[in-house]
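# A structural walkthrough
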Amino acid sequence: MIRVLLRRAPTIVTATLVVAGVLLFADVDATLATRIYVLLVGALVLLTLVGATEFAASPEPSAFERALARGGRHRARPGELERLERQVALSVQNAFDFHIRLRPAVREAAGAALWHRHGVDLDASPERARALVPAELWDVVRPDVEPPEDRHAPGPSLARIDVLVTEIERMSR
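Let us look at the structure shown here. Because the structure is a prediction, the values reported are computed rather than measured. (Residues numbered from 1 in each chain as written. Predicted model: local features only at pLDDT ≥ 70, side-chain atom pairs only at ≥ 80, totals over all residues. Heavy atoms only, no water.)

### Digging into the packing of helix α4 (residues 79–93) against helix α5 (residues 95–118)
Each packed pair of helices is defined by two parameters, the angle between the axes and the distance between the axes. Running from N to C, α4 and α5 point in directions that differ by 145°, and their axes come no closer than 7 Å. For α4 against α5, the interelement crossing comes out left-handed. Where α4 abuts α5, its residues L84, Q87, V88, L90, S91 and Q93 lie against A95, D97, F98, R101, L102 and A105. For the contact of α4 with α5, the residue count by class is seven nonpolar, three polar and two charged. (Axes fitted to C-alpha atoms, helices over the stretch in contact; angles between N-to-C directions. Helix = DSSP H or I, 4+ residues; strand = E, 2+ residues; numbered from the N terminus. Left-handed = near helix turned anticlockwise from the far one by under 90°. Contact = heavy atoms within 4.5 Å. Nonpolar A, V, L, I, M, F, W, Y, C, P; charged D, E, K, R; others polar.)

This is the structure we're talking about:
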């Protein structure tokens, strides 16, 4: 109980000093300031009593609380994965989104696979890269791809995106 009370003591002392300073140096209604102070101190005392009661009643969490704590922990999905999923969803809807959002990621992955397996840079040696990259993937990753004329046209289907990813995986092996 004393530990719980000592945790709240600095807050109560700070509130007292603030109210004293306001009453001494500011032109405010003393009754209102006093009522707010009493309300704040009363709330802190109640929190202290509840904390002390809770600590005294069960110093160790119950089986139910332990089960809740265990079940509440879940691994968050990586932010990069969620961002990529959003890019794929937008890219399927809109060709321009594919060109601006997902195509750079596909280029980066294909370029990394090309460099890792063959030591060829996608941008520095486009002729050598074209010979090593599958034709369907090359149409997407080649350096001179222009943005689509109809920016609102549908983007590639999920099946086509899956083919692109499969080709990149095949290049990585």
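### Topic: the nonpolar core
For soluble globular proteins, nonpolar side chains are generally found buried alongside one another. Ranked by size, the top nonpolar core spans 18 residues in total, and within it V106, L114, V133, L137 and V141 carry the most contacts. Secondary structure elements with two or more residues in this core: α5, α7 (135–141) and α8 (158–172). Looking at which element gives the most residues to this core, the answer is α5, with six residues. Apart from the residues within four sequence positions on either side, V106 is in contact with L137, V140, V141 and I168. (Core = buried A, V, L, I, M, F, W, Y, C linked by side-chain atoms within 4.5 Å. Buried < 20%, exposed > 50% of the residue type's maximum accessible area, 1.4 Å probe, protein only.)

### Digging into the packing of aromatic side chains
Each aromatic ring pair is summarised here by two numbers: the centre-to-centre distance and the angle between the ring planes. Scanning all chains against the criterion turns up zero aromatic pairs. In this structure, R151 packs its charged tip against the face of F96, placed 4.0 Å from the ring centre. (Phe/Tyr/Trp six-rings, centres within 6.5 Å; stacked < 30°, edge-to-face > 60°. Lys NZ or Arg CZ within 6 Å of the ring centre and 35° of its normal.)

### With respect to the layout of surface pockets
One number sums up the size of the largest pocket: a volume of about 250 Å³. Along its surface, the largest pocket is lined by 13 residues, and L84, L102, V106, I161 and V165 are the ones closest to its centre. Going through the elements one at a time, α4, α5 and α8 are the ones with two or more residues in the lining of the largest pocket. For the lining of the largest pocket, the element with the most residues is α8, which contributes six residues. Estimated volume of the second largest pocket: approximately 220 Å³. Within the residue set of the lining of the second largest pocket, elements represented by two or more residues are α5 and α7. Element by element, the count of residues in the lining of the second largest pocket is highest for α5, at four residues. (1 Å grid on protein atoms, 1.4 Å probe; cavity = no way out; pocket = protein on both sides within 12 Å on 5 of 7 lines; lining within 4 Å. Points joined across faces, edges and corners; volume = space filled by probe spheres on them.)

### Overview of the pattern of salt bridges
Per the counting criterion, the structure on display carries seven salt bridges. Among the salt bridges present, the one from E80 reaches R83, with a minimum N-O distance of 2.3 Å. Placement of both E80 and R83 in helix α4 is noted, with a separation of three residues, approximately one turn of the helix. (Salt bridge = Lys/Arg side-chain N within 4 Å of Asp/Glu carboxyl O.)

### Examining the packing of α5 against α8
Axis separation between α5 and α8 bottoms out at 8 Å; the angle between their running directions is 20°. Taken as axis vectors, α5 and α8 run roughly parallel relative to one another. For the pair α5 and α8, the crossing hand works out as left-handed. Contact with α5, carried on its side by F98, L102, V106, A109, A110, A113, L114, H116 and R117, involves I161, L164, I168, M171 and S172 of α8 and no other residues of that element. Grouping the constituent residues of the contact of α5 with α8 by class yields eleven nonpolar, two polar and one charged. (Parallel < 35°, antiparallel > 145°, perpendicular 65-115°, else oblique.)

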